[in-house]
Amino acid sequence: MRVVVNAAMSADGKLSSKRRDQITISGPDDFDRVDALRAGSDAVMVGVGTVLADDPHLTLDDPERQTARRERDEPAHPARVVADSRARTPTDARILDDAATTYVFVAESAPAERIEALEAAGARLVTAGEERVDLASALPSLEREGVEQLMVEGGGELIFSLFEAGLADELRVFVGSKLVGGRDAPTLADGEGFVAEFPELELDDVERVDDGVLLRYAVV
Ligand SMILES: NC(=O)C1=CN([C@@H]2O[C@H](COP(=O)(O)OP(=O)(O)OC[C@H]3O[C@@H](n4cnc5c(N)ncnc54)[C@H](O)[C@@H]3O)[C@@H](O)[C@H]2O)C=CC1
Ligand SMILES: Nc1nc(O)c(N)c(N[C@@H]2O[C@H](COP(=O)(O)O)[C@@H](O)[C@H]2O)n1
């Protein structure tokens, strides 16, 4: 499975504000690029922090891209995936509507009543890891469902974990022309942080998009 991490960050490396409110960093061309990347992916993943902060839908905006997928005998929208150790995804989250299949990765310690509630809301539950979702164990379950390309949109905790586990193949970052600031505002890779063996990236491409820059890296 190919794992492509995509995110938009401010010129100072923030994914959102210190209040964890979603902020518009991308411009129209970058949002269209994100839509195209979603359309070329079999599943789109976020962490539950993003679900709680943004209530994202993670579907395709462009009807022509939906039609093209149907013509390839694929569902109109890629599947949606949430890394959610304690099964905190609200049952009325937009990600759980019937627009697309939604997988929720939980840990063994997730409360049984929350798991039942999410299953009743239509989610497909995958259990991996004791206290926290073990991504290396969970991703093969998507592969068995036919997911060949997984796009990861964030946030910073999930992105850090994917790099820490050596699971990311590619990183695409749109760097917008906003300054957000705040030592507690989410960055591209949060988590515990690396102190040695920093993941190495190879810069493959640089492109001006909207009023910003798109950087494409391969993970070495
Ligand atoms: N600008 C952009 O492109 C994007 C920005 N965001 C922003 O990011 C913020 C949310 O990011 P975070 O708070 O970092 O949350 P996150 O979305 O990375 O979710 C982290 C949570 O996921 C759960 N989780 C389960 N297994 C995990 C694992 N193995 N590794 C890491 N997390 C795991 C944990 O409960 C953890 O607290 C929001 O403010 C949102 O607006 C989110 C996506 C894209
Ligand atoms: N690529 C990108 N650019 C921005 O400027 C953003 N604020 C985000 N945010 C993420 O996009 C997702 C929302 O998806 P839906 O529109 O609801 O489908 C969510 O993951 C946001 O955090 N992304």
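Bear in mind that the values here come from a model prediction, so they are computed numbers and not experimental data. (Residues numbered from 1 in each chain as written. Chains lettered and ligands numbered in written order. Predicted model: local features only at pLDDT ≥ 70, side-chain atom pairs only at ≥ 80, totals over all residues. Heavy atoms only, no water.)

Residues and numbers for helix 5 (residues 135-144), please.
By the burial criterion, the buried members of helix 5 are Leu135, Ala138, Leu139, Ser141 and Leu142. The arc enclosing the buried residues of helix 5, seen along the axis, measures out at 150°, which places them on a common side. Here helix 5 starts with a cap whose side-chain oxygen sits 3.1 Å from the backbone nitrogen of alanine 136, and that cap is aspartate 134. In the stretch just after helix 5, glycine 146 is the one whose phi turns positive, near 95°. (Buried < 20%, exposed > 50% of the residue type's maximum accessible area, 1.4 Å probe, protein only. Helix = DSSP H or I, 4+ residues; strand = E, 2+ residues; numbered from the N terminus. Arc of directions from axis to C-beta. Polar contact = N/O pair within 3.5 Å; in protein donor to acceptor, adjacent residues only side chain to side chain.)

Any chance you could break down the site of ligand 2 for me, citing the residues and the numbers?
In the vicinity of ligand 2, 17 residues are found, and the nearest of them are Ile23, Ile25, Ser26, Asp54 and Leu58. In the model, an oxygen atom of ligand 2 is placed 3.0 Å from a nitrogen or oxygen of the arginine 38 side chain. Leucine 58 places a main-chain nitrogen or oxygen 2.8 Å from an oxygen atom of ligand 2. The fraction of the free accessible surface of ligand 2 (530 Å²) that becomes covered by protein chains is 82%. A majority-of-atoms criterion places ligand 2 in the largest pocket. Those elements that place two or more of their residues in the shell around ligand 2 are helix 1 (28-39) and helix 2 (48-54). (Near = heavy atom within 4 Å. Areas by Shrake-Rupley, 256 points an atom, 1.4 Å probe, with all protein chains shown as cover. 1 Å grid on protein atoms, 1.4 Å probe; cavity = no way out; pocket = protein on both sides within 12 Å on 5 of 7 lines; lining within 4 Å. Sits in = over half its atoms within 2 Å of the grid points.)

I'd like a description of the nonpolar core, backed by residues and values.
Counting residues in each nonpolar core, the largest one holds 32 residues, and the members touching the most others are Met45, Phe105 and Leu150. Among the elements of the structure, strand 1 (2-9), strand 2 (43-47), strand 3 (79-83), strand 4 (102-106), helix 5, strand 6 (149-154), helix 6 (156-164) and strand 7 (170-175) are those that each provide at least two residues to this core. When sequence neighbours within four positions are dropped, the list of residues in contact with methionine 45 reads Val81, Ala83, Phe105, Leu135, Leu139, Leu150, Met151, Val152, Glu153, Gly154 and Leu158. (Core = buried A, V, L, I, M, F, W, Y, C linked by side-chain atoms within 4.5 Å. Contact = heavy atoms within 4.5 Å.)

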